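Fold and geometry: a report
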Amino acid sequence: MPKVDKATIVRAAEAVVRERGARKLTLDAVAAHCGLSKGGLIHHFPTKQSLIKAMLQAAVDREYASTEASVASGAGLLIARLNAIFELMEDDESLPRSLIAAVAENPALLDPFKAKQAALRSELAKIYRDPELALLLILAAQGMFLGRVLGVLEIEDPLFERLRERLLMLSTDLA
């Protein structure tokens, strides 16, 4: 029996969603992808919902770690946040399709993500002269992110880069 950690299992679950779709995300499919028995997987994640929560948390952690690193290097919160969203979109292997799985399984699984969004809104209101425009730019980037997750917007599309540049340009005007 191979030793597999939680992060490896989460990546395997992301791969199952990427390769087969959110409806095919099962503990059996993830266990097979990792080379684990279902019992070995259940030791780490007793339910599909606990696995999806971990998938969502991993995606949120990646995004916020990227944001924090950019802010620490001198970028403003808005630009750092936009760059983090775009960074998540660039790598198809790590593109967090856990959002689709969560909505398909149980929309309440998105509650921690919603709480982080509410905290972000509050922070934007403290920093920017036009917090509504700052939020609008983030929501536009998140819309592009969802378009990428759903496969209706591809990174290779020249429009993608133009939209990205436009959002970043508008965000520099708010600083």
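In this report, the structure presented in the accompanying data block is examined. (Residues numbered from 1 in each chain as written. Predicted model: local features only at pLDDT ≥ 70, side-chain atom pairs only at ≥ 80, totals over all residues. Heavy atoms only, no water.)

Observations concerning the nonpolar core
The following threshold applies: Here the nonpolar core consists of buried residues drawn from Ala, Val, Leu, Ile, Met, Phe, Trp, Tyr and Cys, with membership extended through side-chain atoms lying within 4.5 Å. Between buried and exposed lies partly exposed: a residue is buried under 20% and exposed over 50% of the maximum accessible area for its type, with that area taken using a 1.4 Å probe on protein chains only. A run of DSSP states H or I qualifies as a helix once it reaches four residues; a run of E qualifies as a strand once it reaches two. Both are numbered from the N-terminal end. Throughout, a residue-residue contact means that at least one pair of heavy atoms, one from each residue, lies within 4.5 Å.
In this structure, Ile 9, Leu 25 and Val 30 are the most contacted members of the largest nonpolar core, which totals 49 residues. Looking at this core, the elements with two or more residues in it are α1 (6-20), α2 (27-34), α4 (48-72), α5 (77-90), α6 (98-105), α7 (111-127), α8 (131-149) and α9 (158-172). Sorting elements by how many residues they give to this core places α8 first, with 8 residues. Among all residues touching Leu 25, those that are not within four sequence positions of it are Ala 13, Val 16, Val 17, Val 30, Lys 48, Ile 52, Met 55 and Ala 101.

Some details on the pattern of salt bridges
For clarity, the cut-off: One side-chain nitrogen of Lys or Arg within 4 Å of one carboxyl oxygen of Asp or Glu is enough to make a salt bridge.
If you walk through the whole model with that rule in mind, you get 6 salt bridges. As a salt-bridge pair, Glu 165 and Arg 164 come within 3.9 Å of each other at their nearest N and O atoms. Its relative accessible area of 40% is what places Glu 165 among the partly exposed residues. The structure contains a network of salt bridges with shared partners spanning Glu 161, Arg 164 and Glu 165.

Structural notes on a nonpolar patch on the surface
We count it as follows: Like charges are joined within 9 Å and nonpolar side chains (Val, Leu, Ile, Met, Phe, Trp, Tyr) within 5 Å, but only among residues with over 30% relative accessible area and no salt bridge; these make up the patches. Here the accessible surface of atoms and residues is derived via Shrake-Rupley with a 1.4 Å probe, and residues count as covered only by protein chains that are part of the display.
On the surface, a cluster of nonpolar side chains totalling about 320 Å² of accessible area is made up of Leu 146, Leu 150 and Val 152. Mapped onto the elements, Leu 150 comes out in the loop between α8 and α9.

Describing the side chain of Thr 67
Looking at where Thr 67 falls in the secondary structure, it is placed in helix α4. Owing to a relative accessible area of 5%, Thr 67 belongs among the buried residues under this scheme. With sequence-adjacent residues up to four places away left out, Thr 67 is seen in contact with Leu 77, Ala 80, Arg 81 and Ala 84.

Comments concerning the packing of aromatic side chains
What characterises a pair of aromatic rings is the spacing of the ring centres plus the angle enclosed by the ring planes. Quick note on the threshold: A pair of Phe, Tyr and Trp rings is counted when the ring centres sit within 6.5 Å of each other, with Trp represented by its six-membered ring. The angle between the planes then sorts it: under 30 degrees is stacked, over 60 is edge-to-face, the rest tilted. Here, a charge over a ring is recorded when the distance from Lys NZ or Arg CZ to the ring centre is within 6 Å and its angle to the ring normal is within 35 degrees.
Counted by the stated rule, this structure contains 1 aromatic pair. Centroid distance Phe 86 to Phe 160: 6.0 Å. Interplanar angle 85°. Geometry classified as edge-to-face. On the criterion of sequence distance, the pair formed by Phe 86 in helix α5 and Phe 160 in helix α9 is long-range, its members being 74 residues apart. Summarising the burial analysis for this pair, Phe 86 and Phe 160 share the class buried. The side chain of Lys 6 reaches across the aromatic face of Phe 45, ending 5.6 Å from its centre.

So, the side chain of Gln 117
Selection rule: Any N or O atom pair separated by 3.5 Å or less is treated as a polar contact, with the protein-specific requirement of one donor-capable and one acceptor-capable atom, and with residues adjacent in sequence counted only for side-chain atom pairs.
Mapped onto the elements of the fold, Gln 117 is located in helix α7. Among the polar contacts listed, one links the side chain of Gln 117 to the side chain of Arg 81, at a separation of 2.8 Å. If near-sequence neighbours (up to four positions away) are discounted, Gln 117 is found in contact with Tyr 64, Arg 81 and Gln 142.

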